[in-house]
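What the coordinates show
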Amino acid sequence: MRTVLISGGGIAGPALAYWLHRHGFAVTVVERGPGVRPGGQAVDVRGVALDVIERMGLLDEARRVRTRMRGMSVLDPEGKEIERSTETALSSGRLDSDDIELLREDLVRMVFECTRGDVEYLFGDTITALDEDAAGVRVDFARAPSRTFDLVIGADGLHSTVRRLVFGPEERHAHHLGSYLSVFSADNFLALEDWQVWLRDGDVGFGIMSVRDNTELRVAFGFVSGLLPRDADSLRLTITERLAALRWEGPRLAEAARNASDFYCDAMAQIRMDRCSQGRVALLGDAGYCPSPLSGQGTSLALVGAHVLAGCLAQAPGDHMAAYARYEERMRPFVALNQSLVTENPGGPAAEASVEHAKNALSLDG
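Quick summary incoming for the structure in this document.

Cut-offs and rules
Residues numbered from 1 in each chain as written. Predicted model: local features only at pLDDT ≥ 70, side-chain atom pairs only at ≥ 80, totals over all residues. Heavy atoms only, no water. Pairing = 2+ DSSP bridges. Helix = DSSP H or I, 4+ residues; strand = E, 2+ residues; numbered from the N terminus. Axes fitted to C-alpha atoms, helices over the stretch in contact; angles between N-to-C directions. Contact = heavy atoms within 4.5 Å. Salt bridge = Lys/Arg side-chain N within 4 Å of Asp/Glu carboxyl O. Phe/Tyr/Trp six-rings, centres within 6.5 Å; stacked < 30°, edge-to-face > 60°. Buried < 20%, exposed > 50% of the residue type's maximum accessible area, 1.4 Å probe, protein only. Core = buried A, V, L, I, M, F, W, Y, C linked by side-chain atoms within 4.5 Å. Parallel < 35°, antiparallel > 145°, perpendicular 65-115°, else oblique. Left-handed = near helix turned anticlockwise from the far one by under 90°.

**Quick word on the sheet that holds strand β5 (residues 81–85)**
Spatially, the seven strands line up as an open sheet ordered β5-β4-β15-β16-β17-β14-β18, and their pairing is mixed. Here the strands that pair on one side only, and so sit at the sheet edges, are β5 and β18 (264–271). The sheet shows a mean angle of 20° between the axes of neighbouring strands, direction not considered. Taken together, the six bridges between strand β15 (residues 195–201) and strand β16 (residues 204–211) define a ladder with antiparallel strand orientation. Residue pairing in the sheet places R200 in a bridge with G205 of β16. Running at roughly 95° to strand β14 (residues 174–187), helix α7 (residues 250–259) makes contact with β14, β16 and β17 (216–224) of the sheet.

Printed below as a string of structure tokens:
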């Protein structure tokens, strides 16, 4: 039985693990965190990605836990409502769409639960070195003993360790988009009921939505900036200072960010590579072709990429080079189209039509 190590226990890695196990591979997933990670923004499963989760048997569960927004309000910097809609929401699009919006942590949990009995998980560990030869890839870990695998897949996100070890420094592949996004949870101090509010004040802005039966808020705060140091404490300080300066609810939002246990902040960036495989190693999802959260398509790209990569490996038994080549051939146009949602006329009059085209632009059985 061929062995595969997947780095990354978010969405892309466990989804790939599911499909590889189905195809007869022995799969190990290594995840830096101590367990399944909580927190994160609401994510969208759209178009062909809905077919992927249906084939995984997760569609009904995804529909059960989906967000159920009644609408949204757009506020001016003082907090006065200037627009409202009960037909669309900025986080997800049309409310009557077949697309599914759900919290990232719910999707991560679902994919993990459907793989945990068949896949080996190494939590609280990370890859420190990769050494490939004719027999496979020797992998050194920070904690676990070294092991050799037939294949290694990097599904470890925008700041991928696997990508750095095999393809060189992140700066070669990451393209900063001029802004940052922070996401964190808070008590529902705004008393929102299945509703979201959006506000922009100069070069900062946020979207806030009620979740968990309206007991909790999920805050997504963005601001324009050049590259900042990735130190977590300094990023949190930057966010709290910028939130505190807001004219509407600034102090309470700053306090929530200061105390949030699931605080997240990172640059908005895309990963663009001439190729995302080398030897026995390949990249999946954000590690190989992050479109940035601004596209709304990162989760769908990860799910579709996992299905395609596993299928290509199954269809070319013993020939990973051919499988990787076919994977890249199939995914490249889909990736380019989805990344262009951010780089070409974002939010313009053709944006909605572009999203509709992008989310259905690849056939799973092609």
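On we go.
**Examining the pattern of salt bridges**
Counted by the stated rule, this structure contains 21 salt bridges. Residues participating in the shared-partner salt-bridge network are E105, D106, R212, E216 and R218.

**As for the packing of aromatic side chains**
Per the stated rule, a full pass over the model turns up eight aromatic pairs. Ring plane angle 90° and centroid distance 4.9 Å describe the contact between Y18 and W19, whose orientation is recorded as edge-to-face. An identical accessibility class is assigned to Y18 and W19; each is buried. Both rings, one in F112 and one in F123, keep their centres 5.9 Å apart while their planes meet at 65°; by these two values the pair is edge-to-face.

**Observations regarding the nonpolar core**
In summary, soluble globular proteins display a tendency toward joint burial of nonpolar side chains. Ranked by size, the top nonpolar core spans 80 residues in total, and within it I6, V304 and M331 carry the most contacts. At ten residues, helix α9 (residues 298–315) tops the list of elements feeding residues into this core. Membership of the second largest hydrophobic core comes to 29 residues, among which are Y180, I208, V219 and L235.

**Concerning the sheet that holds strand β11 (residues 136–141)**
Reading across from one edge, β10-β11-β12 is the order of the three strands in this open sheet, with antiparallel pairing throughout. Of all the strands in the sheet, just β10 (127–133) and β12 (147–149) have a single pairing partner and so form its edges. Taken pair by pair, the neighbouring strands of this sheet meet at an average axis angle of 30°, ignoring direction.

**So, the packing of α9 against helix α10 (residues 320–343)**
Across the interface, α9 lies against α10 with an axial gap of 8 Å and an inter-helix angle of 155°. Between α9 and α10, the angle falls in the class roughly antiparallel. The hand of the α9/α10 crossing is right-handed. Counting all contacts with α9, which are made through L301, V304, G305, V308, L309, C312 and L313, the residues of α10 involved are H320, A323, Y324, R326, Y327, R330, M331, F334, V335 and N338.

It is worth stressing that arrangement in space is one thing and function is another; only the former is reported here.
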